[in-house]
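Coordinate analysis (summary)
Listed below, chain by chain, are the residues.
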Amino acid sequence: MLKASRVWGALQGLETFSPLIYQDSYGTFAISDSIITDSPRFPHRGILTDTSRHYLPIKAILKTLDAMSFSKFNVLHWHVVDDRSFPYQSITFPELSNKGSYSLSHVYTPNDVRKVTEYARLGIRVILEFDSPGHTLSWEEGQNDLLTQCYNAQKLSGDLGPINPTVNTTYNFLYKFFKEISKVIPDQFIHLGGNEAEFYCWASNPKIQNFMKQKGFGTDYKKLESFYVQKLVDIIAAVNKRSIVWQEVFDGNTELQPGTVVEIWKAENYPEEETKVKEVGYPVILAAPWYLDLISYGQDWKTYYEVEPLNFPGSQEQKKFMIGGEACLWGEYVDATNLTPRLWPRASAVGERLWSHKGVRNLEDACHRLIRHGCRMVRGGLAAQPLFTGYCNYKEST
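Report on the accompanying structure.

A short note on the pattern of salt bridges
This structure, assessed with the given rule, holds twelve salt bridges. Notably, a salt bridge pairs R53 with E332, separated by 3.7 Å at the nearest N-O pair. Here the residue R53 occupies a position in the loop between β3 (44–50) and α2 (58–70), and E332 occupies one in the loop between β12 (322–329) and α13 (339–343), the gap between them amounting to 279 residues. Judged by its relative accessible area of 38%, E332 falls in the partly exposed class. As a salt-bridge pair, K320 and E317 come within 3.4 Å of each other at their nearest N and O atoms. Judged on exposure class, the residue K320 and its partner E317 are both exposed. A single salt-bridge network, built from bridges that share partners, covers D50, R53, D82 and E332.

Printed below as a string of structure tokens:
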């Protein structure tokens, strides 16, 4: 008998139940006799996929959702656009994808996005990320004068920098764009990015220099970035959504809306960063130790598994602001051909860390579970890579 207080618990309970089914030596399927009380440790258990560096067909995204449900992940963080391409086909601004995508066949329509969110509806949230003010070179072709013109020795260099935060047309565009996005996705959050914005182009532009003087920013371009992000966060609130940002936004002392979520991605001293964010009272998502695109020889899943998300200085009250984490797979070297094996079952080690009790830490036990789990994925049609030597024996008892 399966009991749960809500439908989401029942769905996760079925995933807990599925490994108990095994096939004996006679080929008969049986169920291990067990009593299990199970619940997630953290509410946010995410996978990040990147569809700008390499376009991922909708079929590949749906298969990722299937794999996520195997490992009790409940958030798809969809990094939709970036410098390389703008594959989202906006109804309000169609030229963004017409000119910014790899080709007209490498786009996601609003109906495509709805198809993904509907497929994910029973147990997985879909959060779209539109990173800015940096990582936006693909936006310019379809939205003239959005990006900053760079100068060299007081002359236009022909290069472009981050979004120009000093003109009203920027914010008029952003309001209309995110108003559209707010109607396409059901989730309450939109990820606004805010990481790795480079300031040299802003600093070279005479008009932006004058704007800085008028605002009293001096030469501190982090203040200009904060100015931009604060206005963007206000726009998101105006379209009845809430914001997630990368940690640089917080580090720049941006005044954020209450409840804005900060995602920590920098591996260096991330426990200290967790403490700083939680002292201010913002919810935190941890991604720093779980960049799965940084592959290495051997069983790197062990490194992911041994992470303790709450291992940072702070009170128990502050640690309540840790809402979970994400396994991130950036797309420089990942497309539909290697997406699934690159993710699974390595990401499942992160999934167990975010789901299971802090005391569940034995690597040998985890290895046996992940090997069997990977075989279940393969049996279910998912091309999960092997953890180590051996083979999948589908008749083997779990």
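Side note on the environment of F86
Mapped onto the elements of the fold, F86 is located in the loop between β4 (75–81) and α3 (95–100). F86 sits in the buried class, given a relative accessible area of 0%. Sequence separation between F86 and D50 is 36 residues, and the spatial gap between their C-alpha atoms is 11 Å. Contacts of F86, omitting those with residues within four sequence positions, involve V81, L96, S97, G100, S101, S138, W139 and F177.

A short note on the state of the cysteines
One pass over the full model with this rule turns up two disulfides. In this model C150 forms its disulfide with C201; the gap between the sulfur atoms is 2.0 Å. Where C150 bonds to C201 through sulfur, the torsion about that S-S bond is close to -115 degrees, and the disulfide is left-handed. Taken as a pair, C150 in strand β6 (residues 147–152) and C201 in helix α6 (residues 200–204) lie far apart in primary sequence, 51 residues in all. For the pair C150 and C201, a shared accessibility class is recorded, and that class is buried. Across the disulfide from C375 sits C392; the S-S distance is 2.1 Å. With the S-S bond torsion at -85 degrees, the cross-link from C375 to C392 turns out left-handed. Placement of C375 in helix α15 (residues 363–379) and of C392 in the segment after α15 is noted, with a sequence separation of 17 residues between them. Owing to a relative accessible area of 14%, C375 belongs among the buried residues under this scheme. The connectivity of the disulfide bonds within the protein can be written as 1-2, 3-4, using the sequence rank of each bonded cysteine.

What to know about the environment of E196
On the secondary structure map, E196 appears in the loop between β8 (189–191) and α6. The class of E196 is partly exposed, set by a relative accessible area of 42%. Residues E196 and G134 lie 62 residues apart in sequence; the distance between their C-alpha atoms is 6.5 Å. In contact with E196, other than residues within four places in its own chain, are H135, E248 and W265.

A look at the environment of Y108
As for its placement among the helices and strands, Y108 is situated in the loop between α3 and α4 (110–119). In this structure, the C-alpha to C-alpha distance between Y108 and I58, residues 50 residues apart in sequence, is 8.2 Å. Not counting residues up to four positions away in its chain, the partners in contact with Y108 are T51, Y55, L56, I58, I61, W78, P87, Y88 and Q89.

Overview of the pairing of β12
Within a regular strand, side chains alternate between the sheet's two faces. In terms of burial, β12 is a largely internal element, seven of the eight residues being buried. Looking at chain direction, strand β11 (residues 284–286) and β12 are connected through three bridges and run parallel. In the strand pairing of β12, L286 is matched with G325.

Digging into the packing of aromatic side chains
For the structure on display, the rule yields 24 aromatic pairs. Judged by centre distance (5.1 Å) and plane angle (85 degrees), the rings of W78 and Y108 are edge-to-face. Of this pair, W78 sits in strand β4 while Y108 sits in the loop between α3 and α4; the two residues are 30 residues apart in sequence, bridging distant segments of the chain. Its relative accessible area of 0% is what places Y108 among the buried residues. Ring centres of F177 and F178 lie 5.2 Å apart, and the angle between their planes is 80 degrees; on these two criteria the pair is classed as edge-to-face.

The rules behind these values
- Counting starts from 1 at the beginning of each chain's written sequence and moves along it residue by residue.
- Side-chain atom pairs in this predicted model are given and counted only at pLDDT of 80 or more, local residue features only at pLDDT of at least 70, and totals for whole chains, interfaces and linings cover all residues.
- Here the side-chain values reflect all heavy atoms present in the structure, with hydrogen atoms and water set aside.
- Just to be clear on terms, a salt bridge is a Lys or Arg side-chain nitrogen sitting within 4 Å of an Asp or Glu carboxyl oxygen.
- Only DSSP runs of H or I with at least four residues qualify as helices, and only runs of E with at least two residues qualify as strands; both kinds are numbered from the N terminus onward.
- Buried means the residue's accessible area, taken with a 1.4 Å probe over protein chains only, is under 20% of the maximum for its type, while exposed means over 50%, and partly exposed covers the values in between.
- Residues count as neighbours in contact if any of their non-hydrogen atoms are within 4.5 Å of one another.
- The disulfide criterion used throughout: a pair of cysteine sulfur atoms within 2.5 Å.
- Strands are labelled as partners when DSSP assigns at least two bridges between them.
- Pairing of aromatic side chains requires ring centres within 6.5 Å, counting the rings of Phe and Tyr and the six-membered ring of Trp. Pairs whose planes differ by under 30 degrees are stacked, by over 60 edge-to-face, and all others tilted.

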